[in-house]
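For reference, the chains in residue letters:
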Amino acid sequence: MKIAIIGSGDVGQALAKGLVNLNHKVMIGTRDTSKKDLKWVKKHKSKLQLGSFAEAADFGEIAILAVAWHAAENVLAIIRPELSGKIVVDVTNPLTYDENGTPELVFGHDISAGELVQQTLADSHVVKTLNTINYKNMVKPKYKDGSPVMFMCGNNQSAKNHISDMLSEMGWSNIQDIGGIEKSRLLEPLCLLWIEYGVLNKTWDHSFSVLEK
Ligand SMILES: NC(=O)c1ccc[n+]([C@@H]2O[C@H](COP(=O)([O-])OP(=O)(O)OC[C@H]3O[C@@H](n4cnc5c(N)ncnc54)[C@H](OP(=O)(O)O)[C@@H]3O)[C@@H](O)[C@H]2O)c1
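In what follows, the accompanying structure is described. (Residues numbered from 1 in each chain as written. Predicted model: local features only at pLDDT ≥ 70, side-chain atom pairs only at ≥ 80, totals over all residues. Heavy atoms only, no water.)

Let us now look at the overall build of the protein. Helix and strand content of the protein: six helices and ten strands. For a compact globule of 213 residues, the expected C-alpha radius of gyration is about 17 Å, and the protein comes in at 16 Å, within 12% of that figure. Dimensions of the protein, computed from C-alpha atoms along their principal axes, come out at roughly 45 × 40 × 35 Å. Counting across all 213 residues of the protein, residues that qualify as buried make up 48%. For the protein, the share of sequence-separated contacts (at least 6 apart) that also reach a separation of at least 24 residues comes to 68%. When the accessible area of the protein is evaluated, it comes to approximately 11000 Å², of which 50% is carbon and sulfur surface. (Helix = DSSP H or I, 4+ residues; strand = E, 2+ residues; numbered from the N terminus. Rg over C-alpha atoms; globule rule 2.2 N^0.38 Å. Buried < 20%, exposed > 50% of the residue type's maximum accessible area, 1.4 Å probe, protein only. Contact = heavy atoms within 4.5 Å. Areas by Shrake-Rupley, 256 points an atom, 1.4 Å probe, with all protein chains shown as cover.)

Structure (structure tokens):
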């Protein structure tokens, strides 16, 4: 499948590597295709390309949105036409940082990034997922004690089925569809809890799991 990754940060690069290794064709969208930390892309040139945000969005049959939240509004305005009718996976967290570098949500409770992305991309099918895990563990997550859970939400069932298949291919075995895109209001604060746990326990490799008796 041809997949657009809108964003060339840690998440965009990790997903690009993982998806190329799973034999997908990927284009990473960025403002600067000559960035030093994207040099490795050349090694995979038959399956991995670089382009502008709009070129990547046009290339992908599905797209993954992985940009800093403060840039999302502008980036979405650029790529909206190219994403019409397509599935868009929203990995973003709407974070801002206080003067001590502590992350906070820009908003929550009554609106979420997932919903705003869906409102902006009214002709696309937005699925929120992968926002509660470190980029290093998004593909082939391996944990010694049990299986991590990956939540997802979105308004279009067929889009969620498709992304559930993609997550399975990426190594996720416990995928939980928690409902419509408004459930992003639950998933985005979960990212702050994930960060809090990481700071307290000095780890960035943890993930959420749900136990049933
Ligand atoms: N890091 C994680 O482990 C993790 C885990 C889950 C979710 N997330 C979320 O995933 C998203 C991506 O995170 P990240 O850590 O990969 O990197 P990031 O630093 O949050 O975002 C990097 C991307 O944002 C773009 N960007 C930044 N400022 C911009 C601007 N003014 N205009 C246009 N584009 C701009 C960059 O564009 P260029 O390509 O042009 O540089 C780059 O593609 C974020 O929303 C983050 O909260 C991160």
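After that view of the structure, there is still more to cover.
Taken together, 24 residues sit near the ligand, with Ser8, Val11, Thr30, Arg31 and Val67 positioned nearest. Within the contact set of the ligand, an oxygen atom lies 2.8 Å away from a side-chain nitrogen or oxygen of arginine 31. Between the ligand and the protein, one listed contact pairs an oxygen atom with a backbone N or O atom of asparagine 93 at 3.3 Å. Secondary-structure elements contributing two or more residues to the shell around the ligand are helix H1 (10-21) and helix H3 (69-79). The leading source of residues in the shell around the ligand is H3, at three residues. Taken together, the residues of the shell around the ligand sort by class into twelve nonpolar, nine polar and three charged. (Near = heavy atom within 4 Å. Polar contact = N/O pair within 3.5 Å; in protein donor to acceptor, adjacent residues only side chain to side chain. Nonpolar A, V, L, I, M, F, W, Y, C, P; charged D, E, K, R; others polar.)

The next thing to look at is helix H5 (residues 157-169). Taking 1.5 Å of rise per residue, 13 residues should cover 18 Å, and H5 covers 18 Å from first to last C-alpha, within 8% of that figure. Along H5, the positions that sit buried rather than exposed are Ala159, Lys160, Ile163, Met166 and Leu167. One side of H5 holds all its buried residues, which, seen down the axis, span an arc of 120 degrees. Projecting away from the buried face of H5 at angles above 90 degrees are the exposed residues Ser158 and Asp165. (Expected span 1.5 Å × (residues − 1). Arc of directions from axis to C-beta.)

With that settled, consider the sheet that holds strand S2 (residues 25-29). Read from one edge of the open sheet, eight strands run S3-S2-S1-S4-S5-S8-S9-S10, paired in mixed fashion. Each of the sheet's edge strands pairs with one partner strand only, and the pair in question is strand S3 (48-51) and strand S10 (174-177). Direction aside, the axes of adjacent strands within the sheet are offset by 25 degrees on average. Looking at chain direction, strand S8 (residues 125-129) and strand S9 (residues 149-154) are connected through three bridges and run antiparallel. Looking across to S9, one finds that valine 127 is bridged to glycine 154. In the packing of H5 onto the sheet, contacts are made with strand S1 (2-6), strand S4 (62-65), strand S5 (87-90), S8, S9 and S10, and the angle to S8 comes to roughly 40 degrees. Strands S8 and S9 of the sheet are contacted by helix H6 (residues 184-201), whose axis makes an angle of about 140 degrees with S9. (Pairing = 2+ DSSP bridges. Axes fitted to C-alpha atoms, helices over the stretch in contact; angles between N-to-C directions.)

All right, on to the environment of isoleucine 79 then. Structurally, isoleucine 79 can be placed in helix H3. Contacts of isoleucine 79, omitting those with residues within four sequence positions, involve Ile6, Phe53, Ala54 and Ala57.

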